[in-house]
Amino acid sequence: MTLDQTPARITKQQTVCFAAPLLPGTSTHDRDEMLSCWQGERREEHTSSRRRHGISREAVWIQSTPAGDVGVVLFESPDLAQSLLGLATSQEPFDVWFREHLMTVHGMDVAAGVALPEQVLNFQDR
């Protein structure tokens, strides 16, 4: 590194992953809407929302189980509490739509608060 270069800032990320059961009959609707956020018509609004709330990564999987389908969700942010609070309270149209979608497919009212999971293992081979 030369004197005129500055080292890249390294921001420590907080990560949370949780499972949210899908209500019966909503898996296809959830899949379609999440794909529209990732690769389709909602992509731009989704990206703006996540940047606005400081979310650096979001991933969603649908896992089929004998008890029904489950959404497996991962969020990363330098400040998860602030990011999730922003998602829960924002009046931006996309964020309002997203909360309504969560209510439709998961029966989850994030504006009322959501209990995050307890981490019981964290192996890292670094």
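Residues numbered from 1 in each chain as written. Predicted model: local features only at pLDDT ≥ 70, side-chain atom pairs only at ≥ 80, totals over all residues. Heavy atoms only, no water.

S.K.: What is the right way to read the sheet that holds strand 1 (residues 14–21) from this model?
M.R.: Think of a sheet as strands paired side by side through backbone hydrogen bonds, with each pair either parallel or antiparallel. Strand order in this open sheet of three strands is 1-3-2, and the pairing throughout is antiparallel. Of all the strands in the sheet, the pair left with one neighbour each is strand 1 and strand 2 (57–65). Here the average twist between neighbouring strands, direction ignored, is 15 degrees. The pairing of strand 1 with strand 3 (residues 68–77) spans eight bridges and is antiparallel. (Pairing = 2+ DSSP bridges. Helix = DSSP H or I, 4+ residues; strand = E, 2+ residues; numbered from the N terminus. Axes fitted to C-alpha atoms, helices over the stretch in contact; angles between N-to-C directions.)

S.K.: Looking at this model, I keep getting lost on the side chain of His101. Mind explaining?
M.R.: Looking at where His101 falls in the secondary structure, it is placed in helix 4 (residues 93–106). Once residues lying within four places of it in the same chain are set aside, the contact partners of His101 are His29, Asp30, Glu33 and Met34. (Contact = heavy atoms within 4.5 Å.)

S.K.: Just checking my understanding: could you explain the environment of Pro78 for this structure?
M.R.: Examined against the element boundaries, Pro78 turns out to sit in the loop between strand 3 and helix 3 (80–89). For Pro78, a relative accessible area of 40% gives the class partly exposed. Here the alpha-carbon distance between Pro78 and Ile62, two residues 16 residues apart in the chain, equals 25 Å. Aside from chain neighbours lying at most four places away, what touches Pro78 is Thr11, Lys12, Gln13, Gln14 and Gly54. (Buried < 20%, exposed > 50% of the residue type's maximum accessible area, 1.4 Å probe, protein only.)

S.K.: Sorry, what's going on with helix 4 here?
M.R.: Every α-helix winds through 3.6 residues per turn, so residues three or four apart in the chain are directed the same way. The terminal C-alpha atoms of helix 4 lie 20 Å apart, and with 14 residues this matches the ideal 20 Å at 1.5 Å per residue to within 8%. Listing the buried residues of helix 4 in full gives Phe94, Asp95, Trp97, Phe98, Arg99, His101, Leu102, Val105 and His106. If you follow the buried residues of helix 4, they end up packed against strand 1, helix 1 (27–39), helix 2 (43–52), strand 2, strand 3 and helix 3. (Expected span 1.5 Å × (residues − 1).)

S.K.: Help me out: how do you make sense of the packing of helix 2 against helix 4 in this one?
M.R.: The relative placement of two packed helices is expressed as an angle between their axes plus a distance between the axes. Two elements in contact, helix 2 and helix 4, have axes whose closest approach is 9 Å; the angle formed by their N-to-C orientations is 95 degrees. Taken together, the axes of helix 2 and helix 4 lie roughly perpendicular to each other. For the pair formed by helix 2 and helix 4, the contact residues are Glu45, His46, Ser49, Arg50 and Arg52 on the first element and Phe94, Asp95 and Phe98 on the second. When the residues that make up the contact of helix 2 with helix 4 are grouped by side-chain class, the tally is two nonpolar, two polar and four charged. (Parallel < 35°, antiparallel > 145°, perpendicular 65-115°, else oblique. Nonpolar A, V, L, I, M, F, W, Y, C, P; charged D, E, K, R; others polar.)

S.K.: How do you make sense of the side chain of His106 when you look at a structure like this?
M.R.: Its place among the elements puts His106 in helix 4. Within the local environment of His106, its side chain forms a polar contact with the backbone oxygen of Pro21, the two atoms lying 3.0 Å apart. Residues in contact with His106, not counting those within four places in the same chain, are Ala20, Pro21, Leu22, Leu23, Asp30 and Gly71. (Polar contact = N/O pair within 3.5 Å; in protein donor to acceptor, adjacent residues only side chain to side chain.)

S.K.: Hey, could you run me through the pattern of salt bridges in this one?
M.R.: Proximity of charged atoms lets side chains of opposite charge pair with each other. What the rule picks out here adds up to three salt bridges. Close ionic contact of Glu33 with Arg42 constitutes a salt bridge, the shortest N to O distance being 3.2 Å. With a relative accessible area of 16%, Glu33 lands in the buried category. Residue Arg42 is classed as buried on the basis of its relative accessible area of 18%. Note that Arg52 and Asp95 form a salt bridge whose closest N and O atoms lie 3.0 Å from each other. Of this pair, Arg52 sits in helix 2 while Asp95 sits in helix 4, and the two are 43 residues apart along the sequence. (Salt bridge = Lys/Arg side-chain N within 4 Å of Asp/Glu carboxyl O.)

S.K.: Looking at this model, I keep getting lost on the pairing of strand 3. Mind explaining?
M.R.: The two faces of a sheet get side chains in turn, since along a regular strand they alternate between them. The element strand 3 is largely enclosed, with a buried count of seven among its ten residues. Two strands pair when backbone bridges link them, and strand 2 and strand 3 are joined in this way by nine bridges, in the antiparallel orientation. If you follow Ser64 over to strand 3, its bridge partner there is Asp69. What sits between strand 2 and strand 3 in their antiparallel hairpin is a turn of two residues.

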